[in-house]
Amino acid sequence: MSRLKTSLPESLAATVKSTIGEWQSAGKMKRLWDRDASLWTGTDESNWLGWLDIVEEQSAQQEQLQKFAKEVQTRGFEHILLLGMGGSSLCPEVLRMTFGHIPHFPVLHVLDSTDPAQVKAFEHQIDISKTLFIVSSKSGSTLEPNIFKQYFFERTKQTLGGHEAGGHFIAITDPGSKMQQVAEADKFLHVFFGRSSIGGRYSAVSNFGMIPAAAIGLDTRKFLSRAAEMVRACGPSAAVQENPGAALGIILGAAANAGRDKVTIITSPGISDLGAWLEQLLAESTGKIGKGIIPVDRERLGPPDVYGNDRVFVYLRLENDAHGDEEAKVDALEKTGQPVVRITMPDIYDLGAEFFRWEIATAVAGAIIGINAFNQPDVEASKLATRSLTSEYEKTGSLPSEKPFFEDSGIKLFSDEKNTAELAKLATDKSLGGYLRAHLSRIKAGDYFAVLAYIQMNAEHEQALQEMRHEVRDSQRVATCLGFGPRFLHSTGQAYKGGPNTGVFLQITCDDSVQLPVPGQKYTFGIVKAAQARGDFQVLAERGRRALRVHLAGDLKAGLARLQSAVQKAV
């Protein structure tokens, strides 16, 4: 099983020790396993703890998983395209990135973006006639999986004919959902059910993770066996100090309450994508009512002097996957008194165990912070704002007009009234660089800076955006985050809107080079993405966040280069 080692500053170590004692004497882990809602806020938490025994249930269903894996092979599928968002897509993405292509099984692709260029890029990567589509949607009413399904089902009908299309689709959804009805009407090959008592971000070891795992050839028996070891270790009778989930959760919760609320995730190369799953679990579970943890993923390690006293570093590494340079940098952080948690995994099949450990840790941290770790009120606010805009488009054929407060050479700046007035006051130079400098000057110690990019997610774009975030990190010495829209809306978006008001946001939008219709709708994928970006910004503004939107018109590569240069000069 994975090993956990900690190095904590004296004051945090003392708080953690006393909190462990309190949890032990008050029997709080037993209360968690008894589904006692009063451990959190005493509202509906007991309805959302089905994940506590899902490993046992899945272990008993090995035959179903193995039968499905065999069927995927027999039918000769060469590709799987999973269509989902957030909790329905992030675990399969981690499995794809970690396990790679397993011989004699299909290659997995995961689509979680409404960017039309990205949708087309996935379509070009697959042969529709040899592809199994997995429509993964817990509620069955989430906008993105529904329009992904509409698009690819239509394309499959065009390729194979209406009678054959359903045999290339399966659904994973909760019983009685709209997606179940759609799947049955369109004669999908299978409908696999989630559990209504498990929220999306806690669903990794449910069918939302295990059906794709089986389909790409993972040894699900081995995976679940490792997870079961962690379940036993985190159980109600284990001493809290020796409970690997409770101990981690107490560190994260106590640290957040002490102002160390930026959990910085460091991973060794073989498990590099695990941070994307952890981001959602931590941010969406804890970031609400002005409290919470801000996860920091894919921020490269710098020297100790670029970090403030608002960080906790978690280093997850595979036993034989050590990265000498990273090890030395983590050692340096430890020596300067930064809190460091090291988790060493024997091999990649221990991911199942880590999924469960972190779910327990997040639930424990949520109890210590004093929030409901299982709802996501501000995600719903963004969805409503987006739905209002797409409904207007369906009625009128256009989105509401908007006017930039600054425009120059294909770059436009937008914000709400309050932010615009503040930026105008701070900007001594009314230029792109002047406004960016004014925006970044609003970052204070203990804040974080987040780039929210509604553009195609690819290596070239990520590199440009990573350079921007690190320019800000190194000059301002604050934590930085990077999210691609709309996928982050179902992940870190909750904490950005509902968590501590310590974020400074740079939203990036662009013109779409590809126009891609959504079958049966007036709106296109590009219109949906634009509505999501506007809805996101609207809720950030309503929550009093410091936010600026940069729209890159025309050539995206040139626009990103110009923005990157402007950020460099602004800092």
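Let me begin by describing the structure that accompanies this report.

Reading the values: the criteria
Numbering of residues begins from 1 in every chain and follows the order in which that chain's sequence is written. Per-residue local features of the predicted model are confined to residues with pLDDT of at least 70, and side-chain atom pairs are confined, for both listing and counting, to 80 or more; whole-chain, interface and lining totals are unaffected and use all residues. Side-chain metrics rest on all non-hydrogen atoms present in the structure, leaving aside hydrogens and water. Numbered from the N terminus, helices here are DSSP runs of H or I no shorter than four residues, and strands are runs of E no shorter than two. Note on method: radius of gyration uses C-alpha positions; expected globular size equals 2.2 Å times residues raised to 0.38. Under the scheme applied here, a residue whose accessible area is under 20% of the maximum for its type counts as buried, over 50% as exposed, and between as partly exposed, the area being computed with a 1.4 Å probe on protein chains only. Note on contacts: a residue pair qualifies if any of its non-hydrogen atoms lie within 4.5 Å across the two residues. The accessible surface values rely on the Shrake-Rupley method and a 1.4 Å probe; as for residues, cover is taken only from the protein chains in view. By the counting scheme adopted, Arg and Lys are positive, Glu and Asp are negative, and His together with the chain ends is not counted. By convention, charge coordinates are those of NZ in Lys, CZ in Arg, CG in Asp, or CD in Glu. When DSSP finds at least two bridges between two strands, those strands are taken to pair. A fitted line through C-alpha atoms serves as each axis, taken over the contacting stretch for helices, and the angle formed by two N-to-C directions is quoted from 0 to 180°.

1. Some words on the overall build of the protein
Step number 1: Across its full length, the protein holds 22 helices and 16 strands.
Step number 2: Taken against the 2.2 N^0.38 rule, which gives 25 Å for 571 residues, the C-alpha radius of gyration of the protein at 23 Å falls within 12% of a compact globule.
Step number 3: Taken along its principal axes, the extent of the C-alpha atoms in the protein is 65 × 65 × 45 Å.
Step number 4: Burial status across the protein gives 61% buried among its 571 residues.
Step number 5: The contacts in the protein between residues at least 6 apart in sequence include a share of 79% that link residues at least 24 apart.
Step number 6: Element-wise, carbon and sulfur atoms account for 49% of the exposed surface of the protein, whose accessible area totals about 20,800 Å².
Step number 7: Charge separation in the protein, taken as the distance between the mean sites of 63 positive and 67 negative side-chain charges, equals 2 Å.

2. Some remarks on the pairing of strand β4 (residues 131-136)
Step number 1: Within β4, 6 of the 6 residues are buried, which leaves the element mostly enclosed by the surrounding structure.
Step number 2: Across the two faces of β4 the burial is the same, with Thr131, Phe133 and Val135 and Leu132, Ile134 and Ser136 all buried.
Step number 3: Judged from the 5 bridges that link them, strand β2 (residues 79-83) and β4 form a sheet pairing that is parallel. Note that in β4 the partner of Ile80 across the bridge is Leu132.
Step number 4: Bridging between β4 and strand β5 (residues 169-173) involves 4 bridges; their strand directions are parallel. Counterpart to Ser136 in the pairing with β5 is Ile172.

3. Focus: the sheet that holds strand β13 (residues 448-453)
Step number 1: Read from one edge to the other, the open sheet built from 6 strands follows the order β11-β12-β16-β15-β13-β14, with strand pairing classed as mixed. The open sheet has two free edges, formed respectively by β11 (406-408) and β14 (479-484), since each of these has just one partner strand. Sheet twist, expressed as the average angle between the axes of neighbouring strands with direction ignored, equals 15°.
Step number 2: Looking at chain direction, β13 and strand β15 (residues 503-510) are connected through 6 bridges and run parallel. Looking at the pairing, Ala453 lines up with Ile508 of β15.
Step number 3: Sitting on the sheet, helix α21 (residues 525-542) touches β12 (411-414), β13, β15 and β16 (546-552), and the angle it makes with β15 is about 160°.

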